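Fold and contact review
One letter stands for each residue in the lines below.
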Amino acid sequence: NGLPDSGKAPAVPIPTFDPNYFKYRATNTYSSGTVWTSITIPLSPTKANPSVIYVNGDLTLSNVTFNGYGAFCIKGNLTLSGTNIDQTNDPQGGSPLAFYVVGNTTASGSNAFSLFAMGGFTQSGDITIKGSLITGNSTTLSGTVNIIYSSPVSFITQFFGAHKRPSDVRYYLE
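As a starting point, this report considers the structure included with it. Everything quoted here is computed from the prediction, not taken from an experiment. (Residues numbered from 1 in each chain as written. Predicted model: local features only at pLDDT ≥ 70, side-chain atom pairs only at ≥ 80, totals over all residues. Heavy atoms only, no water.)

**Looking at the overall build of the protein**
The condition that has to hold: Only DSSP runs of H or I reaching four residues or more are called helices, and only runs of E reaching two or more are called strands; each is numbered from the N terminus. The cut-offs for exposure are 20% and 50% of the maximum accessible area for each residue type, with area from a 1.4 Å probe on protein chains only; residues under the lower value are buried, those over the upper are exposed, and the others partly exposed. Contacts are assigned to residue pairs that have any heavy atoms within 4.5 Å of one another. Values of accessible area rely on a 1.4 Å probe in the Shrake-Rupley scheme; residue burial ignores everything except the protein chains shown.
A tally of helices and strands in the protein yields three helices and 16 strands. For the protein, with 174 residues in total, the buried portion stands at 43%. Across the protein, every contact between residues at least 6 apart in sequence was considered, and the portion connecting residues at least 24 apart equals 48%. Accessible surface, the protein as shown: approximately 8900 Å² in total, 50% of it carbon and sulfur.

**Digging into a nonpolar patch on the surface**
The condition that has to hold: Only residues whose relative accessible area exceeds 30% and that form no salt bridge are eligible for patches; like-charged ones are grouped when within 9 Å, while nonpolar side chains (Val, Leu, Ile, Met, Phe, Trp, Tyr) are grouped when within 5 Å. Salt bridges are identified by distance alone: a Lys or Arg side-chain nitrogen within 4 Å of an Asp or Glu carboxyl oxygen.
On the surface, Leu141, Val145 and Ile147 cluster together to form a nonpolar patch covering roughly 230 Å² of accessible area. Looking at the element boundaries, Leu141 is found in strand 15 (residues 139–141).

**Things to note about the packing of aromatic side chains**
Short version of the rule: The rule is short: rings of Phe, Tyr and Trp, with Trp giving its six-membered ring, pair when the centres are within 6.5 Å, and they are stacked under 30 degrees, edge-to-face over 60, tilted in between.
Enumeration over the complete set of coordinates arrives at seven aromatic pairs. Geometrically, the ring pair formed by Tyr30 and Trp36 is edge-to-face, given 5.1 Å between the ring centres and 90° between the ring planes. What makes Tyr30 partly exposed here is its relative accessible area of 30%. Ring centres of Phe66 and Phe72 lie 5.5 Å apart, and the angle between their planes is 75°; this geometry places the pair in the edge-to-face category.

**Topic: the environment of Ile85**
The topology assignment puts Ile85 in strand 9 (residues 83–86). Residue class for Ile85 comes out partly exposed when judged on its relative accessible area of 23%. Along the primary structure Ile85 and Ile129 are separated by 44 residues, whereas in three dimensions their C-alpha atoms are 9.6 Å apart. In contact with Ile85, not counting residues within four places along its chain, are Val64, Thr65, Phe66 and Ala112.

**Remarks on the pairing of strand 4 (residues 51–56)**
We count it as follows: DSSP calls a pair of strands paired once it identifies at least 2 bridges connecting them.
Burial within strand 4 is extensive, with five of its six residues counted as buried. The pairing of strand 4 with strand 7 (residues 70–74) spans five bridges and is classified as parallel. By the bridge assignment for strand 7, Ser51 is matched with Gly70.

Below is the structure:
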């Protein structure tokens with residue numbers, strides 16, 4: 001079609017979030033250093049009342065399957081490897097799972113959810129992201145990158161408050 005595969009846009013201000021907002025609304029809380037490998041994690045079956053998971057430090061996921069709607073707040077760093085997906089088919093086609101990361105995110109493999117990182121995002125090897133990716137710091141992509149955009153379902157953005165709630169990146173470009 002003659003259009004470039006990528007391009008540069010002006011920097012946009014990325015809102016911050018208060019991890020304590022998640023902490024006091026969490027349905028489950030985990031300590032730093034939590035590692036989940038090759039397991040299935042059930043979440044809320046309804047987006048009207050999603051699971052809110054708070055991790056007080058670092059979280060590592062490898063080949064994890066999620067079922068349901070949820071928002072994770074990781075107060076440390078997030079490490080992703082293998083295939084990490086949410087198998088919920090939202091009728092409106094949105095991403096039913098979101099990760100809010102205070103620190104940095106390192107990823108490889110296939111990840112199907114939305115990610116908001118106040119720190120940086122580093123990807124190595126081949127990666128597929130199904131959802132959205134927003135970072136507040138540097139983003140380093142290497143290898144084969146495939147991003148299949150899916151807007152977050154509305155509950156994902158409720159944690160920003162009504163006055164600064166993005167629905168997706170287009171919010172900042174208007």
